[in-house]
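What follows is the residue order along each chain.
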Amino acid sequence: MFANYLFPIFDLLMSKTTTYTISKLPLDVRFANKVTSIDFTPYTQKETLSRLYQESATIVIKIKTDYRNHYQKELKIKNASFIAEIWGHLAAYRLALWMQRNIKLWPVQKLAKFVAFRSGVIDCGEGSVDTNRWFWDILARLFFSKYK
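Residues numbered from 1 in each chain as written. Predicted model: local features only at pLDDT ≥ 70, side-chain atom pairs only at ≥ 80, totals over all residues. Heavy atoms only, no water.

A. Layout of the overall build of the protein chain. Secondary structure summary: the protein chain contains six helices and four strands in total. Written out in order from the N terminus, the α and β elements of the protein chain read α-β-β-β-α-α-α-α-β-α. Out of the 148 residues in the protein chain, the part that is buried amounts to 39%. Residue pairs at least 24 apart in sequence account for 63% of intrachain contacts in the protein chain once pairs closer than 6 positions are excluded. (Helix = DSSP H or I, 4+ residues; strand = E, 2+ residues; numbered from the N terminus. Buried < 20%, exposed > 50% of the residue type's maximum accessible area, 1.4 Å probe, protein only. Contact = heavy atoms within 4.5 Å.)

B. Region of the structure containing the pattern of salt bridges. Under the counting rule described, the total for this entry stands at three salt bridges. A salt bridge links Glu85 to Arg133; its shortest N-O distance comes to 2.4 Å. Of this pair, Glu85 sits in helix H4 (residues 79-102) while Arg133 sits in helix H6 (residues 133-143), and the two are 48 residues apart along the sequence. The exposure class assigned to Glu85 is buried, which follows from its relative accessible area of 2%. Residues participating in the shared-partner salt-bridge network are Glu85, Asp130 and Arg133. (Salt bridge = Lys/Arg side-chain N within 4 Å of Asp/Glu carboxyl O.)

C. Spotlight on the pairing of strand S2 (residues 25-32). Here six bridges tie strand S1 (residues 17-22) to S2, and the two strands are oriented antiparallel to one another. Pairing of Thr19 across the sheet is with Asp28, part of S2. In this antiparallel pair of consecutive strands, S1 and S2, the connection spans two residues, and Ser23 shows a positive phi of 50°. Note: S2 against strand S3 (residues 35-39), five bridges, orientation antiparallel. Counterpart to Phe31 in the pairing with S3 is Thr36. (Pairing = 2+ DSSP bridges.)

D. Molecular detail of the environment of Leu111. Tracing the chain through its elements places Leu111 in helix H5 (residues 106-120). C-alpha of Leu111 to C-alpha of Met99: the two residues are 12 residues apart in sequence and 8.9 Å apart in space.

E. Expanded view of the sheet that holds S1. The antiparallel open sheet is built from four strands, whose spatial order is S1-S2-S3-S4. Because the sheet does not close on itself, it has two edges, and the strands there are S1 and strand S4 (121-125). In this sheet, neighbouring strand axes are inclined to one another by 25° on average, regardless of whether the strands run parallel or antiparallel. As paired strands, S3 and S4 are joined by five bridges and run antiparallel to one another. What sits directly across from Thr36, in S4, is Cys124. (Axes fitted to C-alpha atoms, helices over the stretch in contact; angles between N-to-C directions.)

F. Highlighting the packing of H4 against H5. In contact at an axis separation of 8 Å, H4 and H5 are set at 150° when each is read in the N-to-C sense. When the axis of H4 is compared with that of H5, the two are roughly antiparallel. Between H4 and H5 the crossing geometry is left-handed. Between H4 and H5, the contacting residues are His89, Ala92, Tyr93, Ala96, Met99 and Gln100 on the first element and Val108, Gln109, Leu111, Ala112, Lys113, Val115, Ala116, Arg118, Ser119 and Gly120 on the second. Its residues assigned to classes, the contact of H4 with H5 comprises nine nonpolar, five polar and two charged. (Parallel < 35°, antiparallel > 145°, perpendicular 65-115°, else oblique. Left-handed = near helix turned anticlockwise from the far one by under 90°. Nonpolar A, V, L, I, M, F, W, Y, C, P; charged D, E, K, R; others polar.)

G. Fine view of the nonpolar core. Ile38, Phe40, Ile59, Ile63, Phe82 and Ile86 are the most contacted members of the largest nonpolar core, which totals 33 residues. Elements with a contribution of two residues or more to this core: S1, S2, helix H2 (46-54), helix H3 (56-71), H4, S4 and H6. With nine residues, the top contributor of residues to this core is H4. For Phe40, the residues in contact, after removing those within four places along its chain, are Leu27, Leu52, Ile59, Ile86, Leu90, Tyr93, Gly120 and Ile122. (Core = buried A, V, L, I, M, F, W, Y, C linked by side-chain atoms within 4.5 Å.)

What follows is the structure, encoded as structure tokens:
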């Protein structure tokens with residue numbers, strides 16, 4: 001069972017990176033079996049991140065199309081769940097960046113740095129390897145049902 005979690009992570013480390021241009025912004029995505037990793041960390045400005053929010057459906061379609069081409073199988077993540085995860089991570093990332101800029105207390109800075117580190121790169125995996133997929137699936141049903 002542990003191997004189910006370890007192998008996709010190993011695959012991701014050994015994977016290739018594809019760079020998409022989204023709203024004239026380069027966005028790096030790594031592909032591995034059952035997992036993709038999207039790196040939003042080069043972007044720290046609210047306006048830039050807002051543009052990427054708006055393009056989340058396009059990002060998901062591009063990733064799923066390329067995943068199918070690379071692995072000759074579908075990435076088993078529903079579009080709405082994928083988008084919910086992107087939005088959730090970007091919201092946490094934006095909040096952490098705001099805290100880093102505006103709250104100069106040491107414990108808050110330490111927490112904000114940790115949250116920004118954990119939320120700026122989004123690892124999206126199928127339910128068999130992503131222990132949080134159930135959470136994003138629930139949020140998708142509640143808030144993102146138009147992205148089926």
